Amino acid sequence: MGLTLGELANSIGGKLQGDPDCVITSVATLQNAGPGAISFLANTTYRKYLQHTAAAAVILRPEFARECPTATIASANPYVAYARAATLIVPPVNPRQGVHPSASIGKDCAIDASAWVGPNCIIGDSVHIGAGTQLAGGCFIGRDTRIGAGGYLHANVVVSHGVNIGERVIIHPGAVIGSDGFGLANENGQWLKVPQLGGVRIGNDVEIGANTSVDRGALDDTVLEDGVKLDNQIQVAHNVHIGAHTAIAGCVGISGSARIGRHCMIGGGAGIVGHLEIADNVTVTGMTMVTRSITSPGVYSSGIPAQENSDWNKNYARLKKLDQLARRLQALERRLDPKD
Amino acid sequence: MGLTLGELANSIGGKLQGDPDCVITSVATLQNAGPGAISFLANTTYRKYLQHTAAAAVILRPEFARECPTATIASANPYVAYARAATLIVPPVNPRQGVHPSASIGKDCAIDASAWVGPNCIIGDSVHIGAGTQLAGGCFIGRDTRIGAGGYLHANVVVSHGVNIGERVIIHPGAVIGSDGFGLANENGQWLKVPQLGGVRIGNDVEIGANTSVDRGALDDTVLEDGVKLDNQIQVAHNVHIGAHTAIAGCVGISGSARIGRHCMIGGGAGIVGHLEIADNVTVTGMTMVTRSITSPGVYSSGIPAQENSDWNKNYARLKKLDQLARRLQALERRLDPKD
Amino acid sequence: MGLTLGELANSIGGKLQGDPDCVITSVATLQNAGPGAISFLANTTYRKYLQHTAAAAVILRPEFARECPTATIASANPYVAYARAATLIVPPVNPRQGVHPSASIGKDCAIDASAWVGPNCIIGDSVHIGAGTQLAGGCFIGRDTRIGAGGYLHANVVVSHGVNIGERVIIHPGAVIGSDGFGLANENGQWLKVPQLGGVRIGNDVEIGANTSVDRGALDDTVLEDGVKLDNQIQVAHNVHIGAHTAIAGCVGISGSARIGRHCMIGGGAGIVGHLEIADNVTVTGMTMVTRSITSPGVYSSGIPAQENSDWNKNYARLKKLDQLARRLQALERRLDPKD
């Protein structure tokens, strides 16, 4: 129960200023921390709270140490250092083992003895569940699906058949992996369903948010490479390929066969059109629509910040006739300079 | 079975014109109402249906009474009066009591004898469920969570551990409360999970729509104050704070630590950036992106209404070079008036 | 196991060039097909892979046949022909029959003997389930709901009470049908719940995506006509009416009482405001906001393609003052031509 500041500073690789024997038992924000709590300063928006904090210690960048009234652990990356500290101070709940009697288990499954299959889980035939992986309850795992070791599927997650999930993958409640893609062929105005015969391949250390959907591929697989992080309420269509260590914020929609590079960041509510490629190290800001391939790293945008409605209405009234306005400008230019 | 018009007018506080002994047994729209049905006129779009309605009576504003061919109950707020009338005429289904034998109940729970825990619910340790609260079935309630009296959790709702829910809270199917926030620290291009250690606090009389997600706080709680109403498919990120009686329409995304005031209305598909504040009594229209704090009440917008695609393409072609266009205008102005 | 090319060409109505006795056992993309596999060329983006394909045969338009190094089946609509072929070569898994012992079944239900009610399904009173319909597991079906023959409800689908679903309807995991609409009456700043008393009517051959929500009507029904196709993460509000054979891509939000015509296509992330009508054969492109009725067929847009952030910021800075810019232009015009 608790670690000393000295142990913590050692474990997270920071430089301690203060009493190494002070015991830390909790983590808290600068504003709400009390005795025994460690806090951190990563986003400088919160710097104003530093000088009045009642925390026992604060993890921060070296240059802010002198503003802090209490012990400090200096680190070049205080958010990473804090994440490590928090994991040590508040360890995850002990994993369970076994299969709850209310779970339905198919034939020919290989469920590791150290895994946990919680109440009301439904496991299809020939499912493999790796060591230590936890299924909280109410999860459905389709036939021929493989989930690696060290994973955590929260309540009511659905993973369809033929999905391959790596190690240490976390899937939050209500997420759906391996649903059919939106494959429709139009015949005389009516839609014919195109069988969705691919699977989903998910790498190691992937995290998928609540109520997010990842469709299976039409023929080849939908792929999330190692370290991909998806927030809540995201739609990943069939045959999308997301490169390693790319993070995607909530409410993003990605259309079929889009290929997103490694180390990208996609802002909330963005939309990615199908059958295009986004290079590595691309940032797309919130509510942006990507309609063409992006071939160079950089930041891309089309979201419009809010204005007072009366101003916006006037501006929009012009926007909807912007081409005319541009032609009027051109006419003036020609009149003043006929050679142009 | 049924109330008289006189009883209804009394109960909802409206002024009756017509036979007080006429029995009302159902509610219907102006277009589809028949004998025994009461209807209402709130949105004037539907005024055209008033003169031909076959309803037994209509709840409306006093100034429309003379256009109505049948009995009327006049009210300054006919939509509120109608809501009251409908609740009286079509009362909710009788609540159930007890715990279905297929439910899994943890240790040290306090489930009120008048509450209902439906089939296949999974209740963690030390959960408190108040008087009369109904869990329809397939719900997962994590350890140390408290749900007040008079609530209704529809099917397959997930409430994670350490969540505190007030009285008379309605949560629709598939909603997820208390999932981990999207907390990630970047270390040399890879994402380290930041433990999400806060909870969620939900006030009284809150309603949360189908497949909506509300993340738990990173350290402090995510908060929905009394009377907050969330529609379907909404994303509420960690440490968001939503003030009392604010209503948020479908598909809205709210990023981490945004603080929204009381009595706000947020239109469908809007996006709210994180770490900002929105004042009380602010309206944000549909598909608007809020990127900075809003300090005054009012209406704010940035959504663009649709045009014919060919017109829009021409306008967009200008928009993407709008800065150039503005510079060309400036050049003309300088040329005509060099002093400027 | 497998069909000959001759049988396939006959069944799908295409013209075979190649050995009619060649046996086809699988389907694959042009890039990944090997011996025994049939592929197709529908989207010309992938034409570049045709000349090097190792497929046993390719379904394509007649004009591309001579570019193909292997057998071909020519068809005017190769995507439809491929969909038919794939269904023949990879038939769906055999349906199950009966009721899993862990399911809870209400009173007075009529579940066809050839239907399957999977593990942990919860079926209310007076539910009707038609011949051959499959409920995968963890589904909740409210009282007085009727599901036609030949349907497939994937895991953890919730269908509330009083919903009427036609034949051959597919609903993907986590979808919610018949949740309450967002009906709220404002009384002195607080929201009063308006009872949602209508149902949902869903025609034949409808498909509904993962984690999509369809609210019940307030008084009349919410309606999805025959052949409507909804992708994932869509919000359909109360009393929306969607015409036959309309297809709606992921993340679309449709507000209350909107009426969308037949044979429409709505692009991903679009938003449709309530109480308006969209004519038949309308296409709305991605991330467009429809704020007024659309009375003519055609293509409508307002989504903005991404630019490099630095360019976009400059353009946006002008957009937010576009009305001023237009007035400055007008001033120049007047100065040069005072009669205007």
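Note: the structure precedes this text.
A brief structural summary. Bear in mind the structure is a predicted one, so any value in this text is a computation, not a measurement. (Residues numbered from 1 in each chain as written. Chains lettered and ligands numbered in written order. Predicted model: local features only at pLDDT ≥ 70, side-chain atom pairs only at ≥ 80, totals over all residues. Heavy atoms only, no water.)

**Concerning the overall build of chain A**
- For chain A, the count of helices and strands is 4 helices and 40 strands.
- Dimensions along the principal axes, computed over C-alpha positions, put chain A at roughly 85 × 65 × 35 Å.
- Considering chain A as a whole, with its 340 residues, one finds that 57% of them fall into the buried category.
- Partitioning the intrachain contacts of chain A with sequence separation of at least 6 by distance along the chain shows that 16% fall at a separation of at least 24.
- Averaging the positions of the 27 positive and the 28 negative side-chain charges in chain A gives two centres separated by 9 Å. (Helix = DSSP H or I, 4+ residues; strand = E, 2+ residues; numbered from the N terminus. Buried < 20%, exposed > 50% of the residue type's maximum accessible area, 1.4 Å probe, protein only. Contact = heavy atoms within 4.5 Å. Lys, Arg positive; Asp, Glu negative; His and termini not counted. Charge placed at Lys NZ, Arg CZ, Asp CG, Glu CD.)

**Here we look at the packing of helix H1 (residues 5-12) of chain B against helix H2 (residues 78-89) of chain B**
Residue and element names in this part refer to chain B.
- Here H1 crosses H2 at 125 degrees, and the two axes come no closer than 9 Å. One finds that H1 runs oblique with respect to H2. Seen from above, H1 lies across H2 with right-handed handedness. Contacts between H1 and H2 involve Leu8, Ser11 and Ile12 from the first element and Ala81, Arg84, Ala85, Leu88 and Ile89 from the second.
- Considered class by class, the residues forming the contact of H1 with H2 number 6 nonpolar, 1 polar and 1 charged. (Axes fitted to C-alpha atoms, helices over the stretch in contact; angles between N-to-C directions. Parallel < 35°, antiparallel > 145°, perpendicular 65-115°, else oblique. Left-handed = near helix turned anticlockwise from the far one by under 90°. Nonpolar A, V, L, I, M, F, W, Y, C, P; charged D, E, K, R; others polar.)

**As for the interface of chain A and chain B**
- Taken together, the contact between chain A and chain B spans 71 residues of the former and 69 residues of the latter.
- Between chain A and chain B, a total of about 5,700 Å² is buried, with carbon and sulfur atoms accounting for 62% of that surface.
- When residues of chain A are sorted by the area they lose upon contact with chain B, A:Met287, A:Leu329 and A:Leu336 head the list and together hold 9% of the total.
- On the surface where chain A and chain B come into contact, there are 4 salt bridges.
- Taking the shortest distance from any N to any O, the salt bridge between B:Arg318 and A:Asp323 comes out at 2.8 Å.
- If you look at where chain A meets chain B, you find 30 residue pairs in polar contact (both at pLDDT 80 or more).
- Going through the elements one at a time, helix H2 (78-89), strand E28 (229-230), strand E31 (247-248), strand E40 (307-308), helix H3 (309-319) and helix H4 (322-336) of chain A are the ones with two or more residues in the side of chain A that touches chain B.
- For the side of chain A that touches chain B, the element with the most residues is H4(A), which contributes 10 residues.
- When its residues are assigned to classes, the side of chain A that touches chain B shows 36 nonpolar, 24 polar and 11 charged. (Buried area = accessible area lost by both parts, 1.4 Å probe. Salt bridge = Lys/Arg side-chain N within 4 Å of Asp/Glu carboxyl O. Polar contact = N/O pair within 3.5 Å; in protein donor to acceptor, adjacent residues only side chain to side chain.)

**Side note on the relation of the copies chain C and chain A**
- Mapping chain C onto chain A calls for a rotation angle of 120 degrees and an axial translation of 0.0 Å; the resulting RMSD is 0.0 Å. Overall, the copies show the geometry of a three-fold rotation axis. (Least-squares fit on C-alpha atoms with pLDDT ≥ 70 in both.)

**Some words on the interface of chain C and chain A**
- With 71 residues of chain C at the interface, the matching set in chain A holds 68 residues.
- Taking both sides of the interface into account, the surface hidden between chain C and chain A amounts to around 5,600 Å²; carbon and sulfur atoms contribute 62%.
- Joining chain C to chain A, the criterion identifies 4 salt bridges.
- The salt bridge partner of C:Arg84 is A:Glu187, with a shortest N-O separation of 2.8 Å.
- The interface formed by chain C and chain A contains 30 residue pairs in polar contact (both at pLDDT 80 or more).
- Those elements that place two or more of their residues in the side of chain C that touches chain A are helix H2 (78-89), strand E28 (229-230), strand E31 (247-248), strand E40 (307-308), helix H3 (309-319) and helix H4 (322-336) of chain C.
- For the side of chain C that touches chain A, the element with the highest residue contribution is H4(C), accounting for 10 residues.
- Across 2 bridges, the pairing between strand E39 (residues 298-301) of chain A and E40(C) is antiparallel. (Pairing = 2+ DSSP bridges.)

**Notes on the sheet that holds strand E25 (residues 207-208) of chain B**
- With mixed pairing, 12 strands are arranged side by side in an open sheet as E40(A)-E39(B)-E37(B)-E34(B)-E31(B)-E28(B)-E25(B)-E20(B)-E17(B)-E14(B)-E11(B)-E8(B). Strand pairing shows two members of the sheet lacking a second neighbour, E40 of chain A together with strand E8 (98-99) of chain B, which therefore form its edges.
- Note: strand E17 (residues 152-153) of chain B against strand E20 (residues 170-171) of chain B, 2 bridges, orientation parallel. Residue pairing across strands places B:Tyr152 opposite B:Ile170, the latter belonging to E20(B).

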